[in-house]
2 protein chains.
Amino acid sequence: MTGRLVIEDIHPRTPGAEHPAKAVVGEALTVRAAIFKEGHDALAARVLLFPAGSGEAEQVAPLREEGNDDWSGVLVPQRVGRYQFVVQAWTHRHATWAHKVEAKLEAGQEIDVELAEGELLLAAAEPLGDGRLPPVVANALSRLRDRSLVDKERVADALSPPVAAAMWGPYGAVDFTTAAALPLRVDRERAAVGAWYELFPRSHGGFRATEARIPALAAMGFDVVYLPPIHPIGRSHRKGPNNTLNAGPGDPGSPWAIGSSDGGHTTVHPDLGTLEDFDHLVSVVREAGMEVALDYALQCSPDHPWVSAHPEWFHHRPDGSIAYAENPPKKYQDIVPINFWPASDADRVSLWQACKDILDFWIGHGIEIFRVDNPHTKPIAFWEWLIPAVQAENPGVVFLAEAFTRPHMMAKLAAVGFSQSYTYFTWRTERDGPEGLWAYLDELAHGPAADYLRPAFWPNTPDILSGPLRNGPLEAFALRLVLAATASPIYGIYSGYELGENRPASPTNEEYLDSEKYQIIVRDYSQPNTLVPLITELNGIRRRHPALRTMRSLVLHPTDNPMLIAYSKRSDDGTDVVLTVVNLDPYDAQEGWVTLRLDTLGVDAVRPFQVFDELSGSTWSWQGERGFVRLDPARQAAHLFVVRQP
Amino acid sequence: MTGRLVIEDIHPRTPGAEHPAKAVVGEALTVRAAIFKEGHDALAARVLLFPAGSGEAEQVAPLREEGNDDWSGVLVPQRVGRYQFVVQAWTHRHATWAHKVEAKLEAGQEIDVELAEGELLLAAAEPLGDGRLPPVVANALSRLRDRSLVDKERVADALSPPVAAAMWGPYGAVDFTTAAALPLRVDRERAAVGAWYELFPRSHGGFRATEARIPALAAMGFDVVYLPPIHPIGRSHRKGPNNTLNAGPGDPGSPWAIGSSDGGHTTVHPDLGTLEDFDHLVSVVREAGMEVALDYALQCSPDHPWVSAHPEWFHHRPDGSIAYAENPPKKYQDIVPINFWPASDADRVSLWQACKDILDFWIGHGIEIFRVDNPHTKPIAFWEWLIPAVQAENPGVVFLAEAFTRPHMMAKLAAVGFSQSYTYFTWRTERDGPEGLWAYLDELAHGPAADYLRPAFWPNTPDILSGPLRNGPLEAFALRLVLAATASPIYGIYSGYELGENRPASPTNEEYLDSEKYQIIVRDYSQPNTLVPLITELNGIRRRHPALRTMRSLVLHPTDNPMLIAYSKRSDDGTDVVLTVVNLDPYDAQEGWVTLRLDTLGVDAVRPFQVFDELSGSTWSWQGERGFVRLDPARQAAHLFVVRQP
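The structure presented is a predicted model; accordingly, all values stated were derived computationally and were not measured. (Residues numbered from 1 in each chain as written. Chains lettered and ligands numbered in written order. Predicted model: local features only at pLDDT ≥ 70, side-chain atom pairs only at ≥ 80, totals over all residues. Heavy atoms only, no water.)

Peer 1: How would you summarise the relation of the copies chain A and chain B if you had to cite specific residues and measurements?
Peer 2: With an RMSD of 0.0 Å, chain A superimposes on chain B once it is rotated by 180 degrees and translated 0.0 Å along the axis. The two molecules are tied by a two-fold rotation axis, judged by turn and shift. Distance from the rotation axis, computed per C-alpha, reaches its smallest value in chain A at A:Gly16: 3.8 Å. When the interface residues of chain A are mapped onto chain B, 100% of them again lie at the interface, so the same face is used by both copies. (Least-squares fit on C-alpha atoms with pLDDT ≥ 70 in both. Contact = heavy atoms within 4.5 Å.)

Peer 1: Give a description of the sheet that holds strand S17 (residues 369-373) of chain A that names residues and reports values.
Peer 2: Residues and elements named next belong to chain A. Spatially, eight strands are ordered S10-S11-S12-S17-S18-S19-S20-S21 in a closed barrel, and the strand pairing comes out parallel. With strand direction ignored, the average angle separating the axes of adjacent strands in the sheet is 30 degrees. Strand direction decides the pairing type here: strand S11 (residues 224-227) and strand S12 (residues 291-296), joined by four bridges, are parallel. From the neighbouring strand, Tyr 226 faces S12, where its bridge partner is Ala 293. (Pairing = 2+ DSSP bridges. Helix = DSSP H or I, 4+ residues; strand = E, 2+ residues; numbered from the N terminus. Axes fitted to C-alpha atoms, helices over the stretch in contact; angles between N-to-C directions.)

Peer 1: Run through the sheet that holds strand S10 (residues 194-198) of chain B, naming residues and quoting values.
Peer 2: Residues and elements named next belong to chain B. With parallel pairing, eight strands are arranged side by side around a closed barrel as S10-S11-S12-S17-S18-S19-S20-S21. Taking the axes of each pair of neighbouring strands and ignoring which way they run, one obtains an average angle of 30 degrees across the sheet. In terms of strand pairing, strand S17 (residues 369-373) meets strand S18 (residues 398-402) through five bridges, oriented parallel. Among the inter-strand pairings, Asp 373 is bridged to a residue of S18, identified as Glu 402. The strands that helix H16 (residues 532-544) touches are S10 and strand S21 (490-494); relative to S21, the one it contacts most, it runs at about 160 degrees.

Peer 1: Give a description of unusual backbone geometry that names residues and reports values.
Peer 2: Looking along the chain, the bond that leaves A:His11 and enters A:Pro12 is cis, with omega of 5 degrees. With respect to the helices, strands and loops of the structure, A:Pro12 is situated in the loop between strand S1 (6-11) and strand S2 (21-24). One non-glycine residue, B:Asp175, adopts positive backbone phi at about 60 degrees. Topologically, B:Asp175 is positioned in strand S8 (residues 173-178). Residue classification places B:Asp175 among the buried positions, given a relative accessible area of 14%. (Buried < 20%, exposed > 50% of the residue type's maximum accessible area, 1.4 Å probe, protein only.)

Peer 1: For the pairing of strand S7 (residues 81-92) of chain B, give the residues involved together with the corresponding values.
Peer 2: All names here are of chain B. With 10 of 12 residues buried, S7 lies mostly within the body of the structure. Pairing geometry for strand S4 (residues 43-51) and S7, over nine bridges, is antiparallel. When the sheet's bridge partners are listed, Leu 43 is paired in S7 with Thr 91. Pairing analysis gives five bridges linking S7 to strand S9 (residues 182-187), with the strands arranged antiparallel. Bridge assignment links Arg 82 to a residue of S9, and that residue is Arg 185. Sheet topology places S7 next to S8; four bridges connect them, and they run antiparallel. Residue pairing for S8: His 92 is matched across the bridge by Ala 173.

Peer 1: Which residues make up helix H13 (residues 407-416) of chain B, and what values do they have?
Peer 2: Summarising burial for H13(B): nine of the 10 residues are buried, a large majority. For H13(B), the set of buried residues is B:His408, B:Met409, B:Met410, B:Ala411, B:Lys412, B:Leu413, B:Ala414, B:Ala415 and B:Val416. On the buried face of H13(B), the contacting elements are S1, strand S3 (29-36) and strand S6 (70-75) of chain A together with strand S2 (21-24), helix H12 (380-393) and strand S19 (420-422) of chain B.

Peer 1: So what about a negative patch on the surface? Which residues, and what values?
Peer 2: Residues and elements named next belong to chain A. On the surface, a cluster of negative charge is made up of Asp 9, Glu 65, Glu 66 and Asp 70. Inspection of the secondary structure puts Asp 9 in strand S1. Using a relative accessible area of 45% as the deciding quantity, one classes Asp 9 as partly exposed. (Patch = residues over 30% accessible without salt bridge, like charges linked within 9 Å, V, L, I, M, F, W, Y side chains within 5 Å. Areas by Shrake-Rupley, 256 points an atom, 1.4 Å probe, with all protein chains shown as cover. Salt bridge = Lys/Arg side-chain N within 4 Å of Asp/Glu carboxyl O. Lys, Arg positive; Asp, Glu negative; His and termini not counted. Charge placed at Lys NZ, Arg CZ, Asp CG, Glu CD.)

Peer 1: Outline helix H1 (residues 93-106) of chain B, listing residues and values.
Peer 2: All names here are of chain B. The end-to-end C-alpha distance of H1 is 20 Å, a good match for the 20 Å that 14 residues give at a rise of 1.5 Å each. Taken residue by residue, H1 has His 94, Ala 95, Thr 96, Trp 97, Ala 98, Lys 100, Val 101, Ala 103 and Lys 104 as its buried positions. Of the residues trailing H1, Gly 108 is marked for its positive phi of about 70 degrees. (Expected span 1.5 Å × (residues − 1).)

Peer 1: Please give an account of the interface of chain A and chain B that cites residues and values.
Peer 2: At the interface, 47 residues of chain A touch 47 residues of chain B. When residues of chain A are sorted by the area they lose upon contact with chain B, A:Glu38, A:Arg317 and A:His408 head the list and together hold 15% of the total. Run the count over chain A and chain B and you get 10 salt bridges. One salt bridge connects B:Lys412 with A:Glu8, and the closest N-O pair in it is separated by 2.7 Å. Seen at the junction of chain A and chain B, the total is 18 residue pairs in polar contact (both at pLDDT 80 or more). (Buried area = accessible area lost by both parts, 1.4 Å probe. Polar contact = N/O pair within 3.5 Å; in protein donor to acceptor, adjacent residues only side chain to side chain.)

Peer 1: Kindly report on the packing of H1(B) against helix H2 (residues 112-123) of chain B, identifying the contributing residues and their values.
Peer 2: All names here are of chain B. One can describe the packing of H1 onto H2 by two numbers: an axis separation of 11 Å at closest approach and a directional angle of 160 degrees. In terms of orientation, H1 and H2 fall into the roughly antiparallel class. Here H1 runs over H2; the crossing is left-handed. Contacts between H1 and H2 pair Arg 93, His 94, Trp 97, Lys 100, Val 101 and Lys 104 from the former with Glu 114, Glu 117, Gly 118, Leu 121 and Leu 122 from the latter. (Parallel < 35°, antiparallel > 145°, perpendicular 65-115°, else oblique. Left-handed = near helix turned anticlockwise from the far one by under 90°.)

Peer 1: Got a sec to walk through the pattern of salt bridges? Specific residues and values, please.
Peer 2: Under the definition given, this model contains 80 salt bridges over all chains. Put simply, A:Arg371 and A:Asp295 hold a salt bridge, and the shortest N to O gap is 3.0 Å. Of this pair, A:Arg371 sits in strand S17 while A:Asp295 sits in strand S12, and the two are 76 residues apart along the sequence. For A:Asp295, a relative accessible area of 6% corresponds to the buried category. One salt-bridge network, held together by shared partners, links A:Lys100, A:Lys104, A:Glu114, A:Glu117, B:Arg317 and B:Glu326.

Peer 1: An account of the packing of aromatic side chains is requested, with residue identities and associated values reported.
Peer 2: Residues and elements named next belong to chain A. This structure, assessed with the given rule, holds 66 aromatic pairs over all chains. Seen in terms of ring centroids, Phe 200 and Tyr 494 are 6.0 Å apart; in terms of plane orientation they differ by 70 degrees. Their pairing is edge-to-face. Of this pair, Phe 200 sits in the loop between strand S10 (194-198) and helix H6 (201-204) while Tyr 494 sits in strand S21 (residues 490-494); the two residues are 294 residues apart in sequence, bridging distant segments of the chain. The exposure classification of Phe 200 matches that of Tyr 494, with both residues buried. (Phe/Tyr/Trp six-rings, centres within 6.5 Å; stacked < 30°, edge-to-face > 60°.)

Peer 1: Describe the packing of helix H11 (residues 345-363) of chain B against H12(B), with residues and values.
Peer 2: Residues and elements named next belong to chain B. At a closest axis distance of 11 Å, the pairing of H11 and H12 adopts a crossing angle of 35 degrees. Crossing of H11 over H12 shows right-handed handedness. Residue-level contacts link Trp 352, Gln 353, Cys 355, Lys 356, Leu 359, Asp 360 and Ile 363 of H11 to Ala 381, Phe 382, Trp 385, Leu 386, Ala 389, Val 390 and Glu 393 of H12. Grouping the amino acids of the contact of H11 with H12 by side-chain chemistry returns 10 nonpolar, one polar and three charged. (Nonpolar A, V, L, I, M, F, W, Y, C, P; charged D, E, K, R; others polar.)

Peer 1: Please give an account of the confidence of the model for chain A that cites residues and values.
Peer 2: In this model, chain A carries an average pLDDT of 96, and 99% of its residues clear a pLDDT of 70 or more. Overall fold confidence for the complex sits at a pTM of 0.95, while the interface term, ipTM, reaches 0.94. (pLDDT = per-residue confidence, 0-100.)

Written as structure tokens, this is what we have:
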């Protein structure tokens, strides 16, 4: 039941608060709550941060009222792990008394009784260790009792900031109310911020040959090198080029058809090299300042060792066969799905443990980031168990959910533990409307899942070539790249993007023609006209500007041209502000007026302010809420304005 | 932890679901939930309604998917009281199988294995009492096994609606998942629907004399006659006319300064008559088809018997005095507030019980509706205890919260049990903007508190003369009346409204000049130019149109003239649709186009439809989404269109 005060609507939280909301080390995490009680007393509140299982607060921060009983304060978590935070509030007797005294003095009313009340209040302040009152309080009390002074002089000291400060917290606090603790997971920064690059090692000639590509990726400023499955590939029903059914003997097959007589999820494909070669690639990537992310695809080729060793982990059909994956009329004959709910619970336990063993194996080989394939086809209860179990032993492990599915499932996967999530960004190409970028960015930054779903923006994947990229010019790739890299702290591209690879499988098929999923693609990365310079610039700008490493600070600014989208971000401390304006038209120059929400940029309407374009190096001076922009895609896709008002 | 299926975001609910959401007897209550699981199986779901404390469901209704994993179904509660409802969902094996078979047949794919799966599935159907399968299932099973038929014929019966129906529910259901129960309070209709009239019996000459006014109120169609406090009024610091401090011997004082040597909250003021006279008035009102509502104002005059008998229930100041109410610089010397948290818990228990005893006393005198004065100045925990305690013994009791305060407190009072709530309607006079009627109506009908906060719209109260009513023409009173009576199922007026009483206390004071709170007002209700005919019409229309007795069905329709606001409502069964268009300008005729959301009116764009104006008796024929209206306040304030498409 309700305590003396009401404390509710506490954020950050997941729905129902069974699972932790998310923060990263060093982030200024805003804690919000509605706090109120009956009547007109002055209240005060604070938030305490406890490591999970500890009764000792690691951090305490005041909450301040922002109007209409909405309070907020800031925690800055210092270490990776599970936490709880607790909001406490109380009636602040000194502030209540001070307000009353000030209002009565203002109105010229008598304060005789208030003087007596003040004496009682100050005398009740918590004494120091020697039993005496804090000196400022004792001094104010003696002045209150000095009848030779006029009323205003008698209360002056008692109303002063030092006395108010000394009466803060437990001093003069009544109706002390503690809300239920809420769980919080604090991740390392890479869970929330990162530039990803996806490549197929087999197209580079295996692990050792891939090492030659690493310096170029590091030079472009990427943080994560993500490899599709590196395991043996099944022979049964192997897919040929362009997803055909009869693979020739030289066709390598889809890396997602995992497992052969060579081994399963803890084996590397012999064509890629040895496990030692893999370890070496991991170390080369690490030395280049990046990390390797592996694919975690819980499915098997019919030739996977599990299929014969553990038939109880698969779906059996009445004819004795093991079911392959299908979503009629589509068939995925080269893959058999795992049955995560075998008839016997002992089998379920051994299966789930075996799935965790895969992660533990690769964690043992230095991998701490996993891109999880199709998590929405596995039970929520499985992830709810797996992710905290892994992170309890290895707190730095990061999971990216590759779920392109309906909104409730997307949010639930994030709520039960995924560190970051693929999004609908890939298909959000217009600015306006319910499926537009404006509504989507606003939802991701400020919607109900913003406390726990961290969006990852991928303009392309090996499965998806969409929107203006299809048969599109390099300018289309540039504008989608800028959007991804500036709108979300986490973004990634799949190799070939920088070259503008743009040929769709067919007018109605979202995949690539001659997809690398089914064949080896050798690319000429040395060609002259690529996005490498822009990628390098963008990743550099992202590193220089903490504003771009935030999501919740995103603010959209209207423009009078629907081909121009404008949004800004601020660093936690407010000192870094970046306003991005992107031309969504890859073919023609677009111009228009941006109507700036000045207060969110930290500038006033009275004085001029500078906008310095990180991409062109030019500076403009603007004043007031309207700024003019013109963007010609032949010259630049976007402005990345650093906003400063001297 | 999560079950086989995820069932979440269940509504109706209060935040946190500790307190019941609200429904009324006979209401079609929509239950919504997000329901999903991994993969592509077909799901099914239902909702069960249990009387609180009973394990036996009183009602079961199916939930249907409405897209994107959002499901809904309808309960129709039959009796007043506390309930719980439970959502259950499961994987529907028959539907999953049927979808697969149909998709494969469509694609011309083989279904050999599916035929075998179908045999197993149908054979596993729950047998009848005699151990045999339901005949339709047995028949379909023998056809499935008949190899002389072609595939399509073999499955035809198994896919037929009778077999699908027989396989519904427990047949073929796996992954059965039950969500946590949510509490629901079912009230009588008067808690959610009613037209109120407020009058001061003393201005009519006491209880017996007031009886003469009752037939007129019944003829106007009111449901509730609400009386400000009828108790003895204190002498100490009694207020004179216009809230002055020195009342003369003939001044009656504010009825809210409760208690004198004549008695307290369970006594009637001798000037009004005896308790028997009061009982008689109550019976006269009841015979006229209405109910009396009493004021429940938990505060005392300094002369209240409790002040001397229970000094521990009041705030004492250092000079020994009992604190009067003040919110500096304002002073309410004729009232002392109660201290709901006395130092001793035994004192708190006896005080809270004494407060409940007051209600029980008046319930014993036939009163079942209480308008609660300033509930936001009493602890939330008090109401959280009091209201369910009263309703446990007297389930039909209705509480109206008179809280004009900040939004969180307003919502919390409703969440912990108040049946209905005063709102900001009194100050919402423009259509547009964040403080406009459009945003407010949308919030009340569809916002986060719509599951439990029932708005009461009062154009005026004895304390509030606002907006266009201040020195305004009778046309202003007409338009605000129509808004109140049509936008909310609960509305009320304070007597004098029908006469257009419009004189404010001062240009800056929201109260009435010569307020009835401090003096007796004798009115001439027989004057010719009043709103009595309009009130009578409106209350009659409200009774004839179930659409107007709903709130959650409200839909706003844009107009191209900001002085015209348009909104529609539909009855639960969809057969009654009323579109209201109000001219917010009391002085000039306004015209414009309404852009109709046709689907919400139950009409299509292809054929003409009729709009019959209940106020003028005229009918127009419209077609498509645009309708033209012109409203001259000299003739009528609004259209109340009944929408019908033959």
